[in-house]
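As a plain string of letters, each chain reads:
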Amino acid sequence: MQVTRRDFLKTSVAASLAAGGGVLFGQCEARASVAGRPNVILVLTDDQGYGDLSGHGNPVLKTPHLDALRKQSIRFTDFHVAPMCTPTRGQILTGRDALANGATFVCQGRSMMRRDLPTMAEVFAAGGYRTGHFGKWHLGDSCPHRPQDRGFQETVSHGAWGITSIADHYGNDYFDDTYRHNGRLQKYEGYCTDVWFDLAMKYMRTCRAKGEPFFVYLPTNCPHSPHWVAEKYSAPYNRKGLPAAFFGQITNIDENVGKLLAMLDATNLAENTVLIFMTDNGTVRGDRVFNAGMRGKKRDLWEGGHRVPCYIRWPAGKLGTPRDIDDLTGCQDLLPTLIDLCGLEAPRDLRPDGTSLAGLLRGSQRHLTDRMLVVQYGANPRMGNATVMWKKWRLVNGKQLYDVRTDPHQDKNVAAEHPDILKRMQEHYAAWWARVRPQFEQTRYIHLGSDVANPTMLYSSDWQGAYADNFGNLAAGNGIGYWHVIVKRDGTYEITLRRWAPEADTALDAPLVGPRGKGKAVPITAARVRIGDADVVKPAPSGVKSVSFTVPLKAGKTRLETWFHNRDGRALCSAYYTSVERKAPDGEAAMTDVDREVRHV
């Protein structure tokens, strides 16, 4: 059954979540209708490739619990994602290709999904499920792109791509960190991966006790860099040539998967729970580790960049014996598959690029209908810079054709030998590009003055402009960018510009030493903000930690631009951290910097 997005959002969490915490929307009728439906857990690890599992032949790494899960699961052996984390996450949650959903890159304003697309969490919430998210998000750090804005009733996460990123809480180092719990900062004891699994399992137990079905999204930040882990996990791999800490992070993940499997058994949740394990892109270690015979790594369009494991286990689902399925599949298939398996209603405007795998899982379908898939991502993707997949054919960058059935390492370009196949795949890509390019070009906006996020913090990782999402970019102090914003209500707004995170408590013109190194001092003497009709400059005396502006704003779409200047008036960088708060109610007069005739540029 299909419903309109308007009606769908009436019953989904997306229309009503507040920044302060999870909102109970569970109507009795919805809960009654989900009786007997399975719980769903989606575990997604970060930068772990197909070969980073002992069950896939890795001769060094030991992953006994993941291997046990593999043996109990349906294994999709030709399963593909994007070669980088954010595009994969957007594809999973919307069922749309990266260029179609808008989340195509890790920063530069391209990590946010289109707001008009329903998400997996919204679909589950509308179906009466409790929805929880624990771990990495990387699909926007400001309203309305946070997990709680996109359907999750309970969420605990770090910022941006990972711990120590610009948008993360300053000072986090994987141990005893401060994370965002439903939009509020909270300190947690323990190693990051342990925290995500412990919180997720606690949430599952709570839902079980209340008789509520749940969808838990459990994306770990490990084994992404920085590769920090307790020595007991890395010590077994402390041998020449081995990435000991990277393998140690995976060993810790495996241990937590073992705890999860034991908890599901002990609570009798295992039988009627769909458990999915997958990774977000190819291995980050490339040719330095076992790669299951594939060429390429994270970020690459070669097979090793985007072919990943995908295990699905559901004991009560009558899926038949554990087995391999070799059909060409992708992460965009998961949302339509779960809608079918869980008996959920699909919003009419879902229109996924993926297809349901329910028939393959249940054995009622031997093979999928003939299809081609496209892998493409990037801040500014160019036509042709993609991989097109058809059966076992791979067209790379529009001209190089490989048959991975006979050439898994993609060493021999056979385009000249198969001109008809080359032409058909090129034609498919051209039509695909014409369809998705306009969708990619749609602007994603951050909301200012929203009732659910006031004040709101904007981070350089979400601005349009310079690549600025890690401490190295922040340390350089030379990035310039701007944000597309929607002012939600007329009013007086206070805009505060900072170079360093507020919790760093450091002057604008001072250096900063953090967990990832030292940020250099920049000779800032003035700050400038431009938004709407306001364009104002203020002095920034040495030693001040921020500069605030009070400006009147009208509701609507606009651009927020910031700069820090030196004494010669040259722009050094933008404000990596910019806080915006609606101060005066609609229609209430307030003295602003514009009224005070602060010097305009």
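Residues numbered from 1 in each chain as written. Predicted model: local features only at pLDDT ≥ 70, side-chain atom pairs only at ≥ 80, totals over all residues. Heavy atoms only, no water.

### Let's talk about the environment of Q332
Filter applied, for reference: A run of H or I in DSSP counts as a helix once it spans at least four residues, and a run of E counts as a strand once it spans at least two, with each numbered from the N terminus. Burial here depends on accessible area, computed with a 1.4 Å probe over protein chains only, as a share of the maximum for the residue type. Under 20% is buried, over 50% is exposed, and the range in between is partly exposed. Pairs of residues are marked as contacts when any of their non-hydrogen atoms sit within 4.5 Å. The term polar contact refers here to a pair of N or O atoms within 3.5 Å; inside protein, the definition further demands a hydrogen-donor-capable atom paired with an acceptor-capable atom, and it admits residues adjacent in sequence only when both atoms are side-chain atoms.
Position of Q332 relative to the elements: it lies in the loop between β14 (329-330) and α11 (334-342). The class for Q332 is buried, based on a relative accessible area of 9%. Distance in space between the C-alpha atoms of Q332 and L373 is 9.9 Å, their sequence separation being 41 residues. Residues in contact with Q332, not counting those within four places in the same chain, are Q91, G95, R96, D97 and G354. Side-chain polar atoms of Q332 contact the side chain of D97, separated by 2.7 Å.

### What to know about unusual backbone geometry
In this structure, the amide linkage connecting C222 to the following residue, P223, adopts the cis form with an omega of 5°. The phi dihedral of T164 is positive, around 90°, even though this residue is not glycine. Secondary-structure assignment places T164 in the loop between β6 (154-157) and β7 (178-181). Since its relative accessible area comes to 11%, T164 is described here as buried.

### Some thoughts on the packing of helix α7 (residues 192-210) against helix α9 (residues 244-266)
Stated precisely, the cut-off is as follows: Axis definition: a line fit to C-alpha positions, over the contact stretch in the case of helices; interaxial angles, taken between N-to-C directions, run 0 to 180 degrees. Convention used here: angles under 35 degrees read as roughly parallel, angles over 145 as roughly antiparallel, angles from 65 to 115 as roughly perpendicular, and any remaining angle as oblique. Residues were grouped as follows: Ala, Val, Leu, Ile, Met, Phe, Trp, Tyr, Cys and Pro as nonpolar; Asp, Glu, Lys and Arg as charged; and all remaining residues, including Gly, as polar.
Relative to each other, α7 and α9 sit at 10°, their axes nearing to 10 Å. Here α7 is positioned roughly parallel relative to α9, judged by the angle of their axes. Contacts from T193, D194, F197, M201, M204 and R205 in α7 reach N252, I253, N256, V257, K259, L260, M263 and L264 in α9. For the contact of α7 with α9, the residue count by class is 8 nonpolar, 3 polar and 3 charged.

### A short note on the sheet that holds strand β17 (residues 387-390)
As a reminder, the rule being used: One bridge is not enough; two strands pair if DSSP finds at least two bridges between them.
Across the sheet, 4 strands lie side by side as β16-β17-β18-β19; this open sheet has antiparallel pairing. Pairing within the sheet leaves two strands with one partner each, and these edge strands are β16 (372-375) and β19 (400-403). Here the strands of the sheet are splayed against their neighbours by 20° on average, with no regard to which way each runs. Summarising the sheet, β17 and strand β18 (residues 393-396) pair through 4 bridges and their orientation is antiparallel. If you follow T387 over to β18, its bridge partner there is V396. Strands β16, β17, β18 and β19 of the sheet are contacted by helix α13 (residues 419-440), whose axis makes an angle of about 120° with β17.

### Comments concerning the confidence of the model for the protein
Segments scoring low in pLDDT should not have their predicted coordinates read at a detailed level. Under the convention used in this document: Looking at any residue, its pLDDT shows the predictor's confidence there, from 0 to 100.
Per-residue pLDDT for the protein has a mean of 92; in total, 91% of the residues score no lower than 70. Of the regions scoring below 50 in pLDDT, residues 13-33 engages in 50 contacts with residues more than four places distant in sequence or in other chains. Across residues 597-601, where pLDDT falls below 50, the model places 11 contacts with residues more than four positions away in sequence or in other chains.

### Here's the deal with the pattern of salt bridges
The condition is simple: Between Lys or Arg on one side and Asp or Glu on the other, a salt bridge is scored when a side-chain nitrogen of the former is within 4 Å of a carboxyl oxygen of the latter.
Summed over the entire model, instances satisfying the criterion amount to 27 salt bridges. The residue D78 makes a salt bridge to K392 at a minimum N-O spacing of 2.8 Å. A residue pair is termed long-range when its members are at least 10 positions apart, and D78 in the loop between β3 (74-76) and β4 (79-80) and K392 in the loop between β17 and β18 qualify at 314 residues. Accessibility classification places D78 together with K392 in one group, the buried group. Between E303 and R394 there is a salt bridge, with its nearest N and O atoms 2.9 Å apart.

### Regarding the sheet that holds β6
Strands sit in the order β8-β7-β6-β5-β9-β2-β10-β12-β3-β13 across an open sheet of 10 strands; the sheet is mixed. Every other strand in the sheet has two partners, leaving β8 (184-187) and β13 (323-325) as the edge strands with one partner each. The average undirected angle you get between the axes of adjacent strands in this sheet is 20°. Looking at chain direction, strand β10 (residues 273-279) and strand β12 (residues 310-313) are connected through 4 bridges and run antiparallel. In the sheet register, I276 faces β12, and the bridge partner there is I312. α11 contacts β2 (39-45), β10 and β12 of the sheet and is inclined by roughly 170° relative to β10.

### Things to note about the pairing of strand β29 (residues 547-553)
Walk down a regular strand and you will see the side chains alternate between the two sheet faces. The buried count for β29 comes to 5 of 7 residues, which makes it a mostly enclosed element. Sheet topology places strand β24 (residues 491-498) next to β29; 7 bridges connect them, and they run antiparallel. Its bridge partner lying in β29, E494 is registered against T550.

### Concerning the pairing of strand β30 (residues 556-565)
Here strand β23 (residues 481-487) runs beside β30; their pairing, made up of 6 bridges, is antiparallel. The residue of β30 that forms the bridge with V485 is T558. Where strand β27 (residues 526-531) and β30 come together, 5 bridges link them in antiparallel fashion. Across the sheet, the residue bridging to A527 is F564, located in β30.

### A look at the environment of T443
Structurally, the position occupied by T443 is in the loop between α13 and β20 (446-448). Between the alpha carbons of T443 and D265 there is a distance of 46 Å; along the sequence they are 178 residues apart.

### Structural notes on the side chain of T562
Take T562: it is sitting in strand β30. Judged by its relative accessible area of 0%, T562 falls in the buried class. Among the polar contacts made by the side chain of T562, one reaches the main-chain amide nitrogen of A575 at a distance of 3.0 Å. Filtering out sequence-adjacent residues up to four positions away, T562 remains in contact with G481, W483, L497, R528, V529, C573, S574, A575 and T578.

### Focus on α13
One turn of the α-helix equals 3.6 residues, which is why residues spaced by three or four share an orientation. As a reminder of what qualifies: Each helix should span, by expectation, one fewer than its residue count multiplied by 1.5 Å. Values of bend correspond, residue by residue, to the angle between axes fitted over the seven residues ending at that residue and the seven starting there.
Compared with an ideal rise of 1.5 Å per residue, which puts 22 residues at 32 Å, α13 spans 30 Å between its outermost C-alpha atoms and is within 8% of the ideal. In α13, a bend of some 30° at A434 exceeds every other bend along the element, and P438, a proline, comes one to four places later. Inspection of α13 places I421, L422, M425, Y429, W432, W433, V436, Q439 and F440 among the buried residues, and these make up the whole buried set. Each element contacted by the buried residues of α13 is listed here: α5 (98-101), β16, β17, β18 and β19.

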